[in-house]
Amino acid sequence: MNSGNKASYNNKTYASVFARQPPRILIVDVTPPLWLDTCTNLCEALENFFSLACSLAGPCRVPLLSLYVVHNQQECLLPFVQVKGNFARLHSCVTELRTMPKEGCIRQKPDSLTHAIEDGVLQFKQYMRHVTVGGSLNSCSVEITVLTSQSGRHVVKQLESGLSSTDLVSLRRVQVIHISKGNPLMMTDMDWSPQALSGEGGEMDENAILGTDIDLQSVENNAVCLESFFKAWLHDHSSDKEHLHLLLPPGGFTDKSSPSSNSVNRQIGLCLKCDVQERLLSPTLLPGAADFTVKTESVRDFEQAHKTPANLYRLRVLKALKSNGVCESVFFGLPLIIRPTNCWQLDWDELESNHQNFQALCHTLRNRDWLLLARCEPQTQGPSWRVTVYSYYVIQPSASLTLLMKPVAVRELLLPCHLPVVDEEPPETALSRIQSSLDVLDVDPAYNPLALKSNLYKHLRGLLGRTPYRQQTQRREQRPPEQPPHRQNPQQSRQHQSKVKATVAPLPSASSKSFRPALTMNSSYDLTFCSDEEEFLTGL
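Keep in mind that what you see is a predicted model, and the values were worked out from it rather than measured.

(A) Spotlight on the overall build of the protein. A tally of helices and strands in the protein yields 18 helices and 13 strands. Across the 540 residues in the protein, those meeting the buried criterion constitute 33%. For the protein, the share of sequence-separated contacts (at least 6 apart) that also reach a separation of at least 24 residues comes to 77%. Accessible surface computed for the protein: about 34100 Å², of which carbon and sulfur atoms make up 54%.

Put into structure tokens, the structure is as follows:
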């Protein structure tokens, strides 16, 4: 599939999913000396996020963005622009953000943040009044995010009093993000959502006491956490309709509080309405997707590399992992099975030694309950200007003499995911209803893919059975009925017949003197689809 077709497919697939993404205004508090501590990490996170958002195929997940800075007054560094296709302008804005003064002590005016929000809302109203983005902007309200190192509770109170008399009809939500002075820790696969990063207690509890519509969250002052916060903008933010219905079989539970629903549940079962969320960005949405996926799509990719020894794929093992320390949600692509080679070009002693070492590796990994994390080394040395994109894999042992290789996500592909943990037990009524539904299911000791059919073979036979001749016949049958030919004089008939004979080759068994084809225009048209004599006779 070429890039054009892929982009078209992605647009059709995701257009309805990301149709309600809100425009965004980002307000950055650059008041020194606090700006000195956050400038580097914030600018790196913004630059990384903009490069990702501008490169994603499909509909734009951040349709419009504007950026303000606030010190002793507000200043608009970036009026509303479409994110996709504007990386140069966004990069220039980040560069200008880096140059903001970091030294000294500037006393910020109490209403600077309030004026920035009011100016942003006014700018959005003017934009919506005079500009349309090709019909792609379906949200009529804007979302504003304030990034500050000041006390979050103080900023919320300041905005509450300052915005009390402001017309905020076009404002969807206000977020105040307090950038805390946390120590950067080793990042693992964990809950990186803003809700989780805010921690338990602290300012989130204070915001709940305030009872406002302003969200107060806390993010650690490191590039990874800030980048993860911005990546949350790439999620689908529409809530017009649920995404998924999970259908459970009907059980024998009787709900005394709702007798009318009991008969319905016994017939169609229980329906759980759910929303779905991406855990990873699909590498196929990014340019250079082959660096992430093509190496595991087919064994053919490895066989083609064997033609030149310099292009053999090499996986360099970086570290060992505990088998229960990798979440299944970070795997993507197709897995491949690794086994010791039987290449006939190798010496017999080398084959035997390699086989023994491979067996020892599988045995040791199983006994230690380990996985291996490996990186694919570059095959060839590219030009100096080209950045090498690495792909990573987890290698898993099995009970047989094989290993399983799975592509694993990296920092750039990971999206924040809120994974709430509920400590309290579910209500007794809901628990009984679900248990009753699950009790009727058959329980198998293991999953057997050979026991399931998807009708793929039947589907393929149906496609292959549609031969070109049958498709041609179906097209002919779908044509409108022909009008009866009008009468022609003898001279026009002889001219017409000579034209038909000129376009049709005579059959080999007929002589040029005795054979005179009596053909109509429809006969000559049908013959042009026949490539040889056998196909012509089949058509007859």
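(B) Region of interest: the packing of helix α2 (residues 34–55) against helix α8 (residues 223–231). Across the interface, α2 lies against α8 with an axial gap of 8 Å and an inter-helix angle of 40°. In terms of orientation, α2 and α8 fall into the oblique class. Regarding α2 and α8, the two cross each other, and that crossing is right-handed. The segment α2 lies against α8, with Asn41, Leu42, Glu44, Ala45, Leu46, Asn48, Phe49 and Leu52 engaging Ala223, Leu226, Glu227, Phe230 and Lys231. Of the residues in the contact of α2 with α8, the class split is eight nonpolar, two polar and three charged.

(C) Region of the structure containing the packing of aromatic side chains. All chains considered together, the criterion is met by eight aromatic pairs. An angle of 65° between the planes, with centres 6.3 Å apart, marks the rings of Phe229 and Trp233 as edge-to-face. Considered together, Phe229 and Trp233 belong to a single accessibility category, that of buried residues. Members of the aromatic cluster, connected to one another through ring pairs, are Phe49, Phe50, Phe229, Phe230 and Trp233. For the cation-ring pair, Arg375 lies above Tyr390, with the distance from its terminal atom to the ring centre recorded as 4.5 Å. The aromatic ring of Phe331 is capped on one face by Lys406, whose charged end is 4.8 Å from the ring centroid.

(D) Main features of the pairing of strand β5 (residues 171–180). With respect to burial, β5 is a largely interior element, eight of its 10 residues being buried. Note on the crossover from strand β4 (residues 142–148) through helix α5 (residues 152–162) to β5: the handedness is right-handed. Here seven bridges tie β5 to strand β6 (residues 214–220), and the two strands are oriented parallel to one another. In the strand pairing of β6, His178 is matched with Ser218.

(E) Quick look at the sheet that holds strand β1 (residues 24–29). Strand order in the open sheet formed by six strands is β3-β2-β1-β4-β5-β6, and the pairing between neighbours is mixed. The sheet terminates laterally at β3 (74–82) and β6, the two strands that pair on one side only. Averaged over all pairs of adjacent strands, the angle between their axes in this sheet comes to 20°, without regard to strand direction. For β1 and β4, the ladder comprises five bridges, and the chain directions are parallel. In the strand pairing of β4, Ile25 is matched with Ile144. Its contacts with the sheet place α2 against β1, β2 (64–70), β4 and β5, and it is angled at close to 155° to β1.

(F) Geometry of the environment of Val389. Relative to the helices and strands, Val389 resides in the loop between β11 (370–376) and β12 (392–397). Taking the C-alpha atoms as reference points, Val389 and Gly288, 101 residues apart in sequence, are found 8.6 Å from one another.

(G) Region of interest: the pattern of salt bridges. Scanning the model with the defined rule gives nine salt bridges in all. Here Arg173 ties to Glu143 by a salt bridge, and the two come within 2.9 Å at their closest N and O atoms. Placement of Arg173 in strand β5 and of Glu143 in strand β4 is noted, with a sequence separation of 30 residues between them. Taking the relative accessible area as the measure of exposure, Arg173 reaches 27% and is therefore partly exposed. Note on Glu143: relative accessible area 4%, which makes it buried. A salt bridge links Glu227 to Arg411; its shortest N-O distance comes to 2.6 Å. Of this pair, Glu227 sits in helix α8 while Arg411 is found in the loop between β13 (403–408) and α13 (428–438), placing the two residues 184 residues apart along the sequence. Of the residues examined, Glu227 reaches a relative accessible area of 5% and is grouped as buried. Through salt bridges with shared partners, one network takes in Arg24, Glu143, Arg173 and Asp215.

(H) Quick look at the confidence of the model for the protein. Model confidence for the protein is summarised by a mean pLDDT of 77, while 67% of its residues fall at 70 or above. Here residues 1–14 scores under 50 on pLDDT; set against residues more than four positions off or in separate chains, the count is 12 contacts. Across residues 509–540 the pLDDT falls below 50, and counting only partners more than four positions away or on other chains, this stretch makes 23 contacts in the model.

(I) Focus on the nonpolar core. If you look at the biggest cluster of nonpolar residues, it comprises 55 residues, and the most contacted ones within it are Leu97, Phe230 and Leu234. Elements supplying a minimum of two residues to this core: β1, α2, β2, β3, α3 (87–98), β5, α8 and β11. The biggest single contributor to this core is α2, with 11 residues. If you look at the next biggest cluster of nonpolar residues, it comprises 24 residues, including Tyr127, Ile144, Val156 and Val176.

(J) Structural view of a nonpolar patch on the surface. A cluster of nonpolar side chains, Leu456, Tyr457, Leu460, Leu463 and Leu464, forms an exposed patch at the surface whose accessible area comes to about 570 Å². With respect to the secondary-structure elements, Leu460 resides in helix α14 (residues 456–464). A relative accessible area of 38% means that Leu460 is categorised as partly exposed.

(K) Spatial organisation of the packing of α2 against α3. Running from amino to carboxyl end, α2 crosses α3 at an angle of 175°, the nearest separation of the two axes being 10 Å. The angle between the axes of α2 and α3 places the two elements in the roughly antiparallel class. Two secondary-structure elements touch here, α2 through Trp35, Cys39, Cys43, Glu44, Leu46, Glu47, Phe50, Ser51 and Cys54 and α3 through Phe87, Leu90, His91, Val94, Leu97 and Arg98.

Definitions and cut-offs
Residues numbered from 1 in each chain as written. Predicted model: local features only at pLDDT ≥ 70, side-chain atom pairs only at ≥ 80, totals over all residues. Heavy atoms only, no water. Helix = DSSP H or I, 4+ residues; strand = E, 2+ residues; numbered from the N terminus. Buried < 20%, exposed > 50% of the residue type's maximum accessible area, 1.4 Å probe, protein only. Contact = heavy atoms within 4.5 Å. Areas by Shrake-Rupley, 256 points an atom, 1.4 Å probe, with all protein chains shown as cover. Axes fitted to C-alpha atoms, helices over the stretch in contact; angles between N-to-C directions. Parallel < 35°, antiparallel > 145°, perpendicular 65-115°, else oblique. Left-handed = near helix turned anticlockwise from the far one by under 90°. Nonpolar A, V, L, I, M, F, W, Y, C, P; charged D, E, K, R; others polar. Phe/Tyr/Trp six-rings, centres within 6.5 Å; stacked < 30°, edge-to-face > 60°. Lys NZ or Arg CZ within 6 Å of the ring centre and 35° of its normal. Right-handed = clockwise from strand over helix to strand, strands pointing away. Pairing = 2+ DSSP bridges. Salt bridge = Lys/Arg side-chain N within 4 Å of Asp/Glu carboxyl O. pLDDT = per-residue confidence, 0-100. Core = buried A, V, L, I, M, F, W, Y, C linked by side-chain atoms within 4.5 Å. Patch = residues over 30% accessible without salt bridge, like charges linked within 9 Å, V, L, I, M, F, W, Y side chains within 5 Å.

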